[in-house]
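# Observations on chain architecture
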Amino acid sequence: MSEEELQLHFTYEEKASGSYGTECEDLIEELLCCLIQLIVEIPLLDITYNISLEAVTTLVVFLSCQLFHKEILRESIVHKYLMHGRCLPYTSRLVKTLLYNFIRQERSPPPGTHVFQQQTDGGGLLYGIASGVATGLWTVFTLGGVGSKPTPQLEQCSPLANQSLLLLLVLANLTDAPDTPNPYRQAIMSFKNTQDNTAFSSSNPHAFQINFNSLYTALCEQQKSDQATLLLYMLLHQNGNVRTYVLARTDIENLVLPILEILYHVEERNSHHVYMALIILLILTEDDGFNRSIHEVILKNITWYAERVLTEISLGSLLILVVIRTIQYNMTRTRDKYLHTNCLAALANMSAQFRSLHQYAAQRIISLFSLLSKKHNKVLEQATQSLRGSLGSNDSPLPDYAQDLNVIEEVIRMMLEIINSCLTNSLHHNPNLVYALLYKRDLFEQFRTHPSFQDIMQNIDLVISFFSSRLEQAGAELSVERVLEVIKQGAVALPKDRLRKFPELKFKYVEEEQPEEFFIPYVWSLVYNSGVALYWNPHDIQLFTMDSG
């Protein structure tokens, strides 16, 4: 039913005897306020767990009117009540409680401690009804875009934590009212660490404090779900306090490794989860301190990386391997330019700080360039044949090879700039990259005279010539160890002023002009997939469609 029809169920007229006029009272605001009070006031105990769960779920249900609209809801009765009036003073407390519910990950209490009898394991009354329906209906909900897949249903140890996170994401992505910005988003953008003693800004009445150490731990442990990755993205992108704290952590690998695992298992994830993970990496790589520190963290035995046994590798080298693997997967499967752009931007941000690259990471950088080079030659050949064929026939339209060629040349230039940035800024730190470059030196020959690459090829050409000359002087039949020794000695001897300086490669993530067009459908797809708010005939729901961009 529409919100207007729903409102009628909560409206009554009290007619006093002998009176001529009637006054209508609307109980929706009263109910919403009571639900919020239940969530923020009642301490979380075994006997109150289900009450809290039902209160959170019922709020999600009230907000789920969006599921019945193909367009983004910009005005809504429930939105109005939550952003104004009696509910507004509870904004910061509600956001804080929902965050703490997520942080604590409290399991559903054992049977016998429930006030209500459970319908299914691990959920509340309404949650149980809904979760059975959702699984079969997910195929109807199209996220769109090549390679989109529903995330497999995760075993939910804490339904309250999951529902609280979904409600938080829904609230944070409500559209701004004409006269006031979304207070829940303001609260998420401005909360601080409990150890931060600086005064709150008077311009934001919804600011609060929370334990960042507990929040960081929860975010590291929960990255298997889309919703936790989306929360991490929102906090890094919108809350400067959280971003500063995360970048200052000395155990950054605890956060980065789960993100890399998402990208590594790209085939099993829906495209939006992959995008969120990539954008998180892009935001992190904007910081030079992060780019330096990841090469100092040494990891042992990465069991989930199956292509090669990695007994010891730096976090930086592993990050490069996974991002390059994502690019190669995208080249052969989805062919999404947006994915390429983000991957290359993250590599470019890191390139000046590449340190002690693992030999396999160095090989993969050059292998990716080799793959792009072959692709370039193939498209060039197709374009030439097509042009020859068209001279003899005026009927058939020419395929747009020029556009394909332009895209490939953009990517090739970016790869050359990444290699060049590393050689210019940290040549002596990366003998393995120089080794890989010399081993595949023939690859670069065709690009020396290409007008699009002549400038960027100068340094690469100089490095190849300089080190090739030194290796010739060292003699024939050199072992790998001896070659690396010659490269290390040569790196010290090469005058720095001989390498031409280019502007520093830096890419910054900028959100779309209308982010709600992406995020609101995405959040509601997660709600839908988790089995909440499906207490109606599914055939009545007007479902979203989204493109992968």
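Residues numbered from 1 in each chain as written. Predicted model: local features only at pLDDT ≥ 70, side-chain atom pairs only at ≥ 80, totals over all residues. Heavy atoms only, no water.

We now examine the overall build of the protein. Broken down by element type, the protein carries 22 helices and six strands. Here the protein holds 549 residues, and the buried ones make up 53% of them. A separation of at least 24 residues holds for 75% of the contacts in the protein among residues at least 6 apart in sequence. Within the structure as shown, the protein displays about 25800 Å² of accessible surface, and the carbon and sulfur contribution to it stands at 51%. (Helix = DSSP H or I, 4+ residues; strand = E, 2+ residues; numbered from the N terminus. Buried < 20%, exposed > 50% of the residue type's maximum accessible area, 1.4 Å probe, protein only. Contact = heavy atoms within 4.5 Å. Areas by Shrake-Rupley, 256 points an atom, 1.4 Å probe, with all protein chains shown as cover.)

It is worth spelling out the pattern of salt bridges at this point. A full pass over the atoms with the stated rule returns 17 salt bridges. As a salt-bridge pair, Arg-249 and Asp-251 come within 2.9 Å of each other at their nearest N and O atoms. The buried category is assigned to Asp-251, whose relative accessible area is 18%. A cluster of three or more residues bridged by salt bridges with shared partners is formed by Arg-74, Glu-516 and Glu-517. (Salt bridge = Lys/Arg side-chain N within 4 Å of Asp/Glu carboxyl O.)

Take Asn-330: it is sitting in helix 15 (residues 315–332). Among the polar contacts made by the side chain of Asn-330, one reaches the side chain of His-340 at a distance of 3.1 Å. In contact with Asn-330, other than residues within four places in its own chain, are Arg-335, Asp-336, Leu-339 and His-340. (Polar contact = N/O pair within 3.5 Å; in protein donor to acceptor, adjacent residues only side chain to side chain.)

Next up on the list: the confidence of the model for the protein. Within the protein, residue pLDDT values average 83, and 84% of them lie at 70 or more. Counting contacts from residues 118–155, a segment whose pLDDT is below 50, to residues more than four positions away or on other chains yields 86 contacts. (pLDDT = per-residue confidence, 0-100.)

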